[in-house]
Amino acid sequence: MSAEQQHRDGQAADPGPRSLAQALRERDDASLGALLRSRPDLLHPVPTDVTQLATRAGTRASVLRALEHLDRFALQAAEALAVAPDPASYQELLDLLAGDDGDEEVAGALPATVALLRERALVWGGEDRLRLVRTARELLAPSASHSSPTGLGPSVAEATSGMSPGRIQAILTAAGLPHTHDTVSAVAALSGLFADRERVAELLEGAPEASREVLTRLVWGPPYGQVTAEPAAHLRWLLDRGLLLPTTPGTVVLPREAALSLRGGRAHRVPEPTRPRVAVAAERKPQVVDAAAGGQALAALDTVEELLRSWDEGGPAVLRAGGLSIRDLKRTATVLEVPEPVAAFWVELAYAAGLIASDGGYVEEHHERHDRPDADAEGYEDEETRDARTRRRSGEAEHYAPTPEYDAWRDLPPAERWAWLLEAWLPGTRAPGLIGGRDGRDRTLSALGPGLDRSPAPEVRRRVLELMAGLEPGQAPDPATLLERLRWERPLRSAGPRREQPEPPRTGVRPAYGGGVAANDPEALRTKLTEWALLEAEMLGVTGRGALATHGRALLGVEGRSEGAGAGTAAAGSARAAVVAALLAPLLPEPLDHVLLQADLTAVAPGPLVRPLAEALGVLADVESKGGATVYRFTPGSVRRALDAGRSATELHAFLDRHSRTPVPQPLTYLIDDVARRHGLLRVGAASSYVRCDDESVLDEILADRRATALRLRRLAPTVVAAQADPRTLIEGLRAMGFAPAAESAEGDVMIARPHAHRTPPRTPPAPVPDGPPAPDTTLLTAAVRAVRAGDRAATAPRKETPQAPGGLPRTSPADTLATVQAAAMTGESVWIGHVNAEGAASQRLLAPLRVEGGYVTGYDHTADEVRTYALHRITGVAELADEPDGAEPTR
């Protein structure tokens, strides 16, 4: 027995429910819960009864969201029902999808698809009376201005609705049909002709070749065409026989019945009942994949650290509209030695992880108060917040800088720092690839600026990883087939009708990151999001050489870090993140506590260094190259930088001797001693500024140098020279002349220049922009179904009619209200009450009073399915239930 026969045999012969509300009312609790789970927007707020649930399920916004979450074949089935008779039988739907020749795959997949559409309340009715929800039919059916997504136009009856009876009779005569007595029968006869495949073929045998070519161009859509006031002979032949019908002046359409006959009964050119398979592009050993991913993860951590280190004393300024300027992004890309779009990705990732933010008063702008034990009645405000407010009031520009969370993140083990970043990347809705493109108002989208949130981004990222996880370990998917699979699962509908046409051929060139996308093209956006997800996963080390790594598979179970997570934990609130970190840790090399010094004044770090060594070496030397091994170069300027930070030559020698696996080269020893010998010989202080030196000959040399003219020096004493430049300019000028001056304080002590770490006020990471309401959990679903059932029972309970308010709830006096509820409490009966709450909202409740005392009535509220207490003075009216046989009255 075929699948469609089993489907038909399993259905009852009765016509089924008369409305969507009745269909939902006949469902069991599990089916109703499945509907609410698949369409969570119906839960906010929880419907009061089944009728309200059905009404909400038929609204345009809810139906659009439900259609956008269908796979391609389910959407094709809904589109076919939109052009089928209303109601349609299951066989008619099958014929539209499988065509005259039939299709076993379509027949096998259709029962489950119809069940899915029923579950999501898009289709209701009996087996022989399938009905598409009216709003969905309006969205998917053709109109006078556009065709159906199937490419079909209006029916003969719809296209001839404004045509004169004489014209319709003339079309019948030209088509070889007899005259009729009325327009209705004439339209029916013409529709029957076009629906008959053999008769249409006979009619077209005498058609000119050019006429048949016109039908060939229109048959798969769009079915509309333009004609002149005097159409050509081949067009006139089609117009005379009704194969082209006028819709608006100058526009004609191919009727739906004729198009289906020419298509062989198919509503779609290519039905797609089965999901495309993700092809394997390459196979590699899982160990190779994990090793490559581990290397990428380490490089990602180094890049983020380099970014934050470069902004440690205060980063670039914030644009007035928000975000980074193009110039600052270029500078950041130069520091990170990556292209600008990739630099924008790392900046956005650090921002999403809560590691960088604006220092311009995030706390005040968002009206947040950080509760502290020592907060007074005025609210706690730390020093950095006050400084930010002062800068803002004085007009000082805001800058980006690391947050206090950065200090906690930096102290974590590498694997836990990586897990922290990934927890921000996976659920994030900001799309860095859009940077550089244009928004809907033709404004440039900037890094860290507004307009980058795209709600489908987290779903696309997770689905890409899930499809990769469906392959065997070490298998890299083919990006083209991966993209086609995602398109099948979420065939987004744009603002206009979707035209069925072959996909353009895809080249094998790997897409570049960034580049933007049109603001009004959702399909192009989803394509770009897929490509960006693959590239970002590779850059982060989730994948290695195109395949999903072992720790990447575990990442799919990571939940978002809880708000306000402790600063000293890597993935607070996420046990799965700890698993991911544990899987990644063996792939990362252990930090080293040594370097290899070379005679050319360089030091080679053969791997990542422990943090104290890396920070100290970063002050003493300049990074010359990065990679698997980092090369540092010692220069007079870098050594002077270490001396300015308060290190002595003896300390520098001991530091290098302690951390070098090779002997300290003699040139490096000489360099340190030479710079240290000259360092601080000159002293610069603030008068305007001055130079002090115990060696008079050195000051003579400076005054004789023509390069000192710009400093405007004047000798005040044998060992003191005054300048009309500020101390910083004076120090830089003397260093350019080859000297090594040191700044001194007002007391004459050498001033040690230590870097000042600038931090923003405490803040939380940006919250992702949700794509609709969150999926409900089991507890919420159970409670919602129970409330809907209770409200439905209460709404359908009859009430006794009164002359004062026929068909409604009467208004009663306080005495009558009290007497009625007291009587109901004694007899155990239920009554209808009208109630106004403290906010002034009126409602009607079905109440079984249990106790009346102290001006309050307590009873079982059938509408809310729980015991509640109501103030008698807020009850506007009360009515008894109508008498019904067989105990139809609600019971407790």
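In what follows, the structure referred to is the one given above.
Because the structure is a prediction, the values reported are computed rather than measured.

Student: What exactly am I supposed to notice about helix α13 (residues 197-205) here?
Tutor: Note: α-helices contain 3.6 residues per turn, so residues at a spacing of three or four share the same orientation. Listed in full, the buried residues belonging to α13 are Val200, Leu203 and Leu204. Each buried residue of α13 sits inside an arc of 95 degrees when the element is viewed along its axis, so together they form one side. Counted as exposed and oriented over 90 degrees from the buried face of α13: Glu198, Glu202 and Glu205. Buried-residue contacts for α13 involve α12 (183-195), α14 (209-218), α15 (233-240) and α16 (256-263). With a side-chain oxygen positioned 3.1 Å from the backbone nitrogen of Glu198, the residue opening α13 is Asp196.

Student: Got a minute to help me understand the sheet that holds strand β12 (residues 596-598) in this structure?
Tutor: Two orientations exist for strands paired in a sheet by backbone hydrogen bonds: parallel and antiparallel. Read across the sheet, four strands follow the order β12-β13-β15-β14 without closing on themselves; strand pairing throughout is antiparallel. The open sheet is flanked by β12 and β14 (622-625), the only strands paired with a single partner. Recorded for the sheet is a direction-independent mean angle of 30 degrees between the axes of neighbouring strands. Note that β12 and strand β13 (residues 602-605) share three bridges and pair antiparallel. Within β13, the position partnered with Leu597 by the bridge is Ala603.

Student: I'm lost on the pattern of salt bridges in this one. Help?
Tutor: Oppositely charged side chains can pair when the atoms bearing their charge come close. Tallied over the entire structure, the rule returns 34 salt bridges. The partner of Arg485 in a salt bridge is Glu489, with the nearest N and O atoms 3.0 Å apart. With Arg485 and Glu489 both in helix α25 (residues 479-489) and four residues apart, the pair spans about one turn of that helix. Since its relative accessible area comes to 12%, Arg485 is described here as buried. With a relative accessible area of 10%, Glu489 lands in the buried category.

Student: Explanation requested: the packing of aromatic side chains in the structure shown.
Tutor: Each aromatic ring pair is characterised by the separation of its centres together with the angle its planes make. Evaluation of the coordinates by the stated rule reveals three aromatic pairs. Centre to centre, the rings of Trp311 and Tyr400 are 6.3 Å apart; their planes meet at 25 degrees, and the pair counts as stacked. Within this pair, whereas Trp311 is found in the loop between α17 (286-310) and α18 (326-336), its partner Tyr400 is found in strand β8 (residues 400-402), the two being separated by 89 residues in sequence. No difference in accessibility class separates Trp311 from Tyr400, as the two residues are buried. Directly above the ring of Trp409 sits Arg417, whose terminal nitrogen or CZ lies 5.4 Å from the centroid. Directly above the aromatic system of Phe655 lies the positively charged group of Arg647, at a separation of 5.7 Å from the ring centroid.

Student: Explanation requested: the packing of helix α31 (residues 649-659) against helix α32 (residues 666-678) in the structure shown.
Tutor: Geometry of a packed helix pair, given as the angle between the helix axes and the separation of the axes. With their axes 10 Å apart at the nearest point, α31 and α32 run at an angle of 160 degrees to one another. Put simply, α31 runs roughly antiparallel to α32. Taken as a pair, α31 and α32 cross one another with a handedness that is right-handed. From α31, Ala649, Leu652, His653 and Leu656 reach across to α32, where they touch Leu668, Thr669, Ile672, Asp673 and Ala676.

Student: What is the right way to look at the sheet that holds strand β3 (residues 224-226) in this model?
Tutor: What the three strands build is an open sheet, ordered β3-β5-β4; its pairing is antiparallel. Because the sheet does not close on itself, it has two edges, and the strands there are β3 and β4 (245-248). Ignoring which end each strand starts from, the neighbouring axes of this sheet average 40 degrees apart. The pairing of β3 with strand β5 (residues 251-253) spans three bridges and is classified as antiparallel. Bridge pairing links Gln226 to Thr251 in β5.

Student: Just checking my understanding: could you explain the side chain of Thr602 for this structure?
Tutor: Here Thr602 is to be found in strand β13. Within the structure, the side chain of Thr602 is placed 2.5 Å from the side chain of Asp600, a separation counted as a polar contact. Once you skip the residues sitting within four places of it in the chain, Thr602 turns out to touch Leu596, Leu597, Glu624, Val631, Tyr632, Arg633 and Phe634.

Reading the values: rules and limits
Along each chain, the written sequence defines residue order, and numbers are assigned to residues from 1. For this predicted model, a pLDDT threshold of at least 70 governs which residues receive local features, and a threshold of 80 or more governs which side-chain atom pairs are given and counted, while totals over whole chains, interfaces and linings are taken from all residues. In computing side-chain properties, one takes all heavy atoms of the structure into account and sets aside hydrogens as well as water. Categorising residues by exposure relies on relative accessible area from a 1.4 Å probe, with only protein chains included: less than 20% of the type maximum marks a residue as buried, more than 50% marks it as exposed, and the intermediate range marks it as partly exposed. Comment: elements are numbered from the N terminus, with helices defined as DSSP H or I runs of at least four residues and strands as E runs of at least two. The arc in question is the one traced by the directions running from the helix axis out to the C-beta atoms. Here, two residues are considered to be in contact whenever any of their heavy atoms come within 4.5 Å of each other. Think of a polar contact as two N or O atoms within 3.5 Å of one another; within protein, one of them needs to be a possible hydrogen donor and the other a possible acceptor, and neighboring residues in sequence only count if both atoms come from side chains. Two strands pair under a simple rule: DSSP has to find at least two bridges between them. Helix axes are fitted only over the stretch in contact, all axes being lines through C-alpha atoms; the angle between N-to-C directions runs from 0 to 180 degrees. Only one rule defines a salt bridge in this text: a Lys or Arg side-chain nitrogen within 4 Å of an Asp or Glu carboxyl oxygen. Aromatic rings from Phe, Tyr and Trp, with only the six-membered ring used for Trp, were paired whenever their centres fell within 6.5 Å, and each pair was classed as stacked if the ring planes differed by under 30 degrees, edge-to-face if by over 60, and tilted otherwise. For a lysine, the NZ atom is tested; for an arginine, the CZ atom; a charge sits over a ring if that atom is within 6 Å of the ring centre and within 35 degrees of the ring normal. Angular relationships are summarised with four words: roughly parallel below 35 degrees, roughly antiparallel beyond 145, roughly perpendicular across 65 to 115, and oblique for the angles in between. If you view the pair so one helix is near and one far, a crossing is left-handed when the near helix is turned anticlockwise from the far one by less than a right angle, and right-handed when it is turned clockwise.

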